[in-house]
Amino acid sequence: MTQFDSRNISMMMDLYEMTMANGYFVNQREPHRVVFDVFYRKNPDQGGYAVFAGLEQVVEYLENLHFERADIDYFRSLNLFSDDFLRYLEDFRFTGDLYAFPEGTVMYPNEPVMTVVAPPIDAQLVETAILTQVNHQSLIATKTSRIVRAAQGRAVSDFGARRAHNLDAAVYGARAAYIGGASGTATVMAGQKFGIPVSGTMAHSWVMYFKDEYEAFRRYAEAYPDNVVLLVDTYDVLHSGVPHAIRVAKDVLEPAGRRLKGVRLDSGDLAYLSKKVRKMLDDAGLEDCQIIVSNSLDEYTITSILNQGGRIDSFGVGERLITAKSDPVFGAVYKMAAVEENGSFVPRIKVSETLEKITNPGLKQVYRVLSDCGQAVADLITGAQEEVDLTVPYRYVDPEKPWKNRYFEHCTARKLQKLIVKDGKRVAPAPSLEEIRAYVKRQLDTEIWPEEQRFENPHKHYLDMSPAYYEMKMNLLDEARNL
């Protein structure tokens, strides 16, 4: 068990979650449950989709949620909470249910990717910890997916740990990056904890340590003859670095039956330099030597480099991946959707002057609607107990154009939410990280339209509603006008 596994993060909450929980405790009535949905309102970078990540850490948190003596003593010192409530916390465990999309699901705004069904205190206390995990990992997985797409089949490795916001951001960011399609990470702790392939080359300091560049390259090749990747930009790429790398390949590696695996560029005009370096390597008979580049890369710079004819085999992407620099806030929220009354869940709706902040009420289900060729044409929200029969034309409502008669024909539907935690305990098997990563790739390769994966002006994925669900929402909005 690692340090990360053994930590109790139950105190990862906003204070108002405790004040609300204490309020529920003081005003408790007959046993009942509430429903909270996790959803987000817009895709990062004005993209066409996002990748759901962080579910495994949410489940670990829920299963281990408890308060230690020091935690309760701290709460007591705030003079905000009743003694009865603090005694209640001594034996507190999460007893609710969690429904969620499978981790790695390609997701869209305003659909419930997770739903908590639990007593009010349980549901309230978990808000911040859930959002922290989902917001961070979904952001990094989504950013990585875009970068991998820009690389057009070339490997992308996470090089970002030293620019991450802290240790957890580096380690869990590496996990999310792998889910999003990165081939590996340079972060050893992430490799150890999650089984992610790790890789690394040499440092500029190694080259500077020796009296000259050639000696540094030679010593490195002698130490690691089976995996020699030389960093060629410490002094001068074209007049020093690459000639010395070629010399090491000829003088040290080839006599021993080895080949120079690659050279890395970490500065300069990467499109221009990579073309020059490729010609120099090919002219020296090193056609199999790869060119690896790093240095403030993202999907836009990678696209530009390749459009200019850059001769690059793989990318090491650091700060702009691990911090999602161009759009560093994911924005998932946690909103009440229903309250149990007399054994039934009565929907609740949040109304706002801002249209996109009006919530989708009630306990519900989300379906991915697929065409007969297997591509996702829309997602569909229904009431939790509704049946969706697509063996016949199925009428749905486009909430942006509700006056139109629309039908799904020759389609199938797949439920997206699954029961993951029941009564505080995991009931669904946990997929491996490799399975989650493969699931993301399979969706993007076969289900999600290429038009939705464009970086500029992507096609909007439709989120439709069953007629009964849409009518229920409109009735709630009508009632809200009189409150």
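That block above? That's the structure.
Residues numbered from 1 in each chain as written. Predicted model: local features only at pLDDT ≥ 70, side-chain atom pairs only at ≥ 80, totals over all residues. Heavy atoms only, no water.

### As for the environment of Arg259
- Of note, Arg259 is situated in the loop between helix 12 (237–253) and strand 9 (262–265).
- Of the residues examined, Arg259 reaches a relative accessible area of 36% and is grouped as partly exposed.
- At 2.8 Å, the side chain of Arg259 forms a polar contact with the side chain of Asp288. (Helix = DSSP H or I, 4+ residues; strand = E, 2+ residues; numbered from the N terminus. Buried < 20%, exposed > 50% of the residue type's maximum accessible area, 1.4 Å probe, protein only. Polar contact = N/O pair within 3.5 Å; in protein donor to acceptor, adjacent residues only side chain to side chain.)

### Comments concerning helix 12
- Across its 17 residues, helix 12 extends only 20 Å between first and last C-alpha, which sits more than 12% below the 24 Å expected from 1.5 Å per residue.
- Residues of helix 12 that are buried include every one of Val237, Leu238, Ser240, Gly241, Val242, Ala245, Ile246, Val248, Ala249, Val252 and Leu253, and no others.
- Turning to helix 12, the residues buried within the fold contact helix 11 (213–223), strand 8 (229–231), strand 9 and helix 13 (270–283).
- Between the side-chain oxygen at the start of helix 12 and the backbone nitrogen of Leu238 there is a gap of 3.2 Å, and the oxygen is on Asp236. (Expected span 1.5 Å × (residues − 1). Contact = heavy atoms within 4.5 Å.)

### Focus: the nonpolar core
- Leu98, Met114, Leu230, Leu260 and Phe315 are the most contacted members of the largest nonpolar core, which totals 134 residues.
- Membership of the second largest hydrophobic core comes to ten residues, among which are Tyr367, Val369, Ala378 and Leu380. (Core = buried A, V, L, I, M, F, W, Y, C linked by side-chain atoms within 4.5 Å.)

### Remarks on the pairing of strand 11 (residues 314–317)
- Alternating positions in strand 11 separate into two faces, Ser314 and Gly316 on one and Phe315 and Val317 on the other, with burial throughout.
- Summarising the sheet, strand 6 (residues 155–158) and strand 11 pair through four bridges and their orientation is parallel. Counterpart to Asp158 in the pairing with strand 11 is Val317.
- Alignment of strand 10 (residues 290–293) against strand 11, held across two bridges, turns out to be parallel. Residue Val293 lies in a different strand from strand 11, and its bridge partner there is Phe315. (Pairing = 2+ DSSP bridges.)

### Here we look at the pairing of strand 6
- Strand direction decides the pairing type here: strand 6 and strand 7 (residues 184–185), joined by two bridges, are parallel. Looking at the pairing, Ser157 lines up with Gly184 of strand 7.
- Crossover connection from strand 6 via helix 8 (residues 167–179) to parallel strand 7: handedness right-handed. (Right-handed = clockwise from strand over helix to strand, strands pointing away.)

### Focus on the pattern of salt bridges
- What the rule picks out here adds up to 35 salt bridges.
- The residue Arg146 makes a salt bridge to Asp45 at a minimum N-O spacing of 3.8 Å. Placement of the pair is Arg146 in helix 7 (residues 127–150) and Asp45 in the loop between strand 1 (34–39) and strand 2 (50–51), with a sequence separation of 101 residues.
- Accessibility expressed as a relative area gives 4% for Arg146, which makes it buried.
- For Asp45, a relative accessible area of 12% translates into the label buried.
- In this structure, Lys441 and Asp445 form a salt bridge, with 2.6 Å as the shortest nitrogen-oxygen distance. Pair noted here: Lys441 and Asp445 are both in helix 16 (residues 433–447), with a separation of four residues, about one helical turn. (Salt bridge = Lys/Arg side-chain N within 4 Å of Asp/Glu carboxyl O.)

### Notes on the packing of helix 12 against helix 13
- Running from N to C, helix 12 and helix 13 cross one another at 35 degrees; their axes reach a closest spacing of 11 Å. Note on packing geometry: the crossing formed by helix 12 with helix 13 is right-handed. Taking contact as the criterion, the partners of Val237, Leu238, Val242, Pro243 and Ile246 in helix 12 are, on helix 13, Tyr272, Leu273, Lys276, Val277, Met280 and Leu281. (Axes fitted to C-alpha atoms, helices over the stretch in contact; angles between N-to-C directions. Left-handed = near helix turned anticlockwise from the far one by under 90°.)

### A short note on the environment of Ala245
- Structurally, Ala245 can be placed in helix 12.
- Overall, Ala245 belongs to the buried group, its relative accessible area being 0%.
- A C-alpha to C-alpha distance of 11 Å links Ala245 and Leu286, two positions 41 residues apart in sequence.

### Some details on the sheet that holds strand 7
- Pairing is parallel in the open sheet, where six strands are placed in the order 7-6-11-10-9-8. Since the sheet does not close on itself, it has two edges, and those belong to strand 7 and strand 8, each with one partner.
- Relative to strand 9, strand 8 runs parallel, the two being bridged by three bridges. Opposite Leu230, over in strand 9, you have Val263 as the bridge partner.

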